[in-house]
Amino acid sequence: MNCTKCDRDAVVHAAYSGAHLCEHHLRASVEKRVRRRIRQDGLIGDDATPESPETWLIGLSGGKDSVVLTSILEETFAEDPRIELVALTIHEGIEGYRDESLDAASALADGLDIHHEVVSYTDEFDLEMDDVVEKDPEGMAACAYCGVFRRDLLADHAESFGADKLLTGHNLDDEAQTALMNFFEGDVAQMAKHFDASLGPFDERTETDEFVPRAKPLRDVPEKEVALYAHLADLPVHMAECPHSTEAYRGEIQELLLDMEERHPGTRHSIMAGYEEMAKLAASAYGEDGADLGECERCGNATTREVCRTCQLTEAVHAV
């Protein structure tokens, strides 16, 4: 099958649009969607200038999503003095997994000449995920612990770097799964938080001065196309899945979405289009009534609790 846009051989069929794309036009399509999302969400602040540039911190895990995002951002803004890119990799302490992805992240950052920082659970929390999984004091899935720790470190280091934006490599599949989980759980308040945290354009979000605002420029691109882009661009990527990845419920949602997408192309896009509208309405209703943020009495980070969730979990692990 030839590419819809030229006579080259197609490498992918985007069933949701009907397009058959060759290597050149697939890469161009992915880049176009990332740049369009940057414009639509208003990532570049009006006050960003060569004299006073914005700093964007990228969560660079070394996996396909963050590597593709970082590569496209560097190509897009390499000659733009208004934007400075910094990459942050978090080493969770997972034997036989994170060292390889760290190598990929470092190779990419070195190749693109992007400032790259590495932080670890060992240095920050005096623990490793392998130990957390073994002890499991809360009886939770590994991803539940790791999600809390990673979010905390990303937020902390975005602030310490003086970052204006925090960017992560969530793709269309990731976001559609989260949207469907929130909807199935009837969690309207979480929909509102999702919009204000990372979905809504910056000028439509409820102001939250306590956190560096997040963005997900890759969220219009299906996971399969991200992986193919990484392969075709010959980017250094660690493709293995985390050995502790055991989010059973998200896995069920993933299978459901993939089946629906196979039978009804465009399902993921439709879910996100409707969900974003609902999340925006939820944010307007909940924005003024959100829980008041205070400071964690242990670490001083913003939280709605006396002791933040990160401190609760680290203390529970150390107590075992």
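These figures come from a predicted structure and were not determined experimentally.

Peer 1: What am I meant to see in the overall build of the chain here?
Peer 2: Secondary structure assignment for the chain yields 12 helices and nine strands. In summary, the chain has a C-alpha radius of gyration of 20 Å against a globular reference of 20 Å for 320 residues, a match within 12%. Viewed in the frame of its principal axes, the chain has a C-alpha envelope of about 65 × 45 × 45 Å. A total of 320 residues make up the chain; the buried ones form 47% of that total. Contacts in the chain between residues at least 24 apart in sequence constitute 71% of all its contacts with a sequence separation of at least 6. Between the mean site of the 29 positive side-chain charges and the mean site of the 67 negative ones, the chain shows a separation of 7 Å.

Peer 1: Teacher, can you tell me more about the UniProt feature "binding site: Zn(2+) 1" (unreviewed entry) in the chain here?
Peer 2: What UniProt calls "binding site: Zn(2+) 1" (unreviewed entry) maps, in this numbering, to Cys3, Cys6, Cys22 and His25. Spanning 23 residues, the named residues form one tight spatial group whose C-alpha atoms are at most 8.6 Å apart. In this fold, Cys3 is placed in the segment before β1 (12-14). On the basis of relative accessibility, which here comes to 5%, the residue Cys3 falls in the buried class. The contact partners of Cys3, leaving out residues within four places of it in the chain, are Arg8, Asp9, Ala10, His20, Leu21, Cys22 and His25. One can find Cys6 in the segment before β1.

Peer 1: Sorry if this is basic, but what is going on with a positive patch on the surface here?
Peer 2: A cluster of basic residues, Lys5, Lys32, Arg36 and Arg39, forms a positive patch at the surface. In this structure, Arg36 sits in helix α1 (residues 23-40).

Peer 1: Even after reading the chapter, I still don't get the packing of helix α7 (residues 172-184) against helix α8 (residues 188-199), so can you show me in this structure?
Peer 2: To describe two helices that pack against each other, one gives the angle between their axes and the distance between the axes. α8 packs onto α7 with a crossing angle of 155° between their chain directions and a minimal axis gap of 10 Å. Regarding the angle of α7 to α8, the classification is roughly antiparallel. From α7, Glu175, Thr178, Asn182 and Phe183 reach across to α8, where they touch Gln190, Met191, His194 and Leu199. Taken together, the residues of the contact of α7 with α8 break down into three nonpolar, four polar and one charged.

Peer 1: What is the right way to look at the UniProt feature "domain: 2-thiouridine synthetase TtuA-like N-terminal LIM" (unreviewed entry) in the chain in this model?
Peer 2: Within the UniProt annotation, "domain: 2-thiouridine synthetase TtuA-like N-terminal LIM" (unreviewed entry) is assigned to residues 2-26. Regarding residues 2-26, the helix share stands at 16% and the strand share at 24%, and the terminal C-alpha atoms are separated by 13 Å.

Cut-off values and rules
- Residues numbered from 1 in each chain as written.
- Predicted model: local features only at pLDDT ≥ 70, side-chain atom pairs only at ≥ 80, totals over all residues.
- Heavy atoms only, no water.
- Helix = DSSP H or I, 4+ residues; strand = E, 2+ residues; numbered from the N terminus.
- Rg over C-alpha atoms; globule rule 2.2 N^0.38 Å.
- Buried < 20%, exposed > 50% of the residue type's maximum accessible area, 1.4 Å probe, protein only.
- Contact = heavy atoms within 4.5 Å.
- Lys, Arg positive; Asp, Glu negative; His and termini not counted.
- Charge placed at Lys NZ, Arg CZ, Asp CG, Glu CD.
- UniProt positions renumbered as here; feature names shortened; annotations may be inferred.
- Patch = residues over 30% accessible without salt bridge, like charges linked within 9 Å, V, L, I, M, F, W, Y side chains within 5 Å.
- Areas by Shrake-Rupley, 256 points an atom, 1.4 Å probe, with all protein chains shown as cover.
- Salt bridge = Lys/Arg side-chain N within 4 Å of Asp/Glu carboxyl O.
- Axes fitted to C-alpha atoms, helices over the stretch in contact; angles between N-to-C directions.
- Parallel < 35°, antiparallel > 145°, perpendicular 65-115°, else oblique.
- Nonpolar A, V, L, I, M, F, W, Y, C, P; charged D, E, K, R; others polar.

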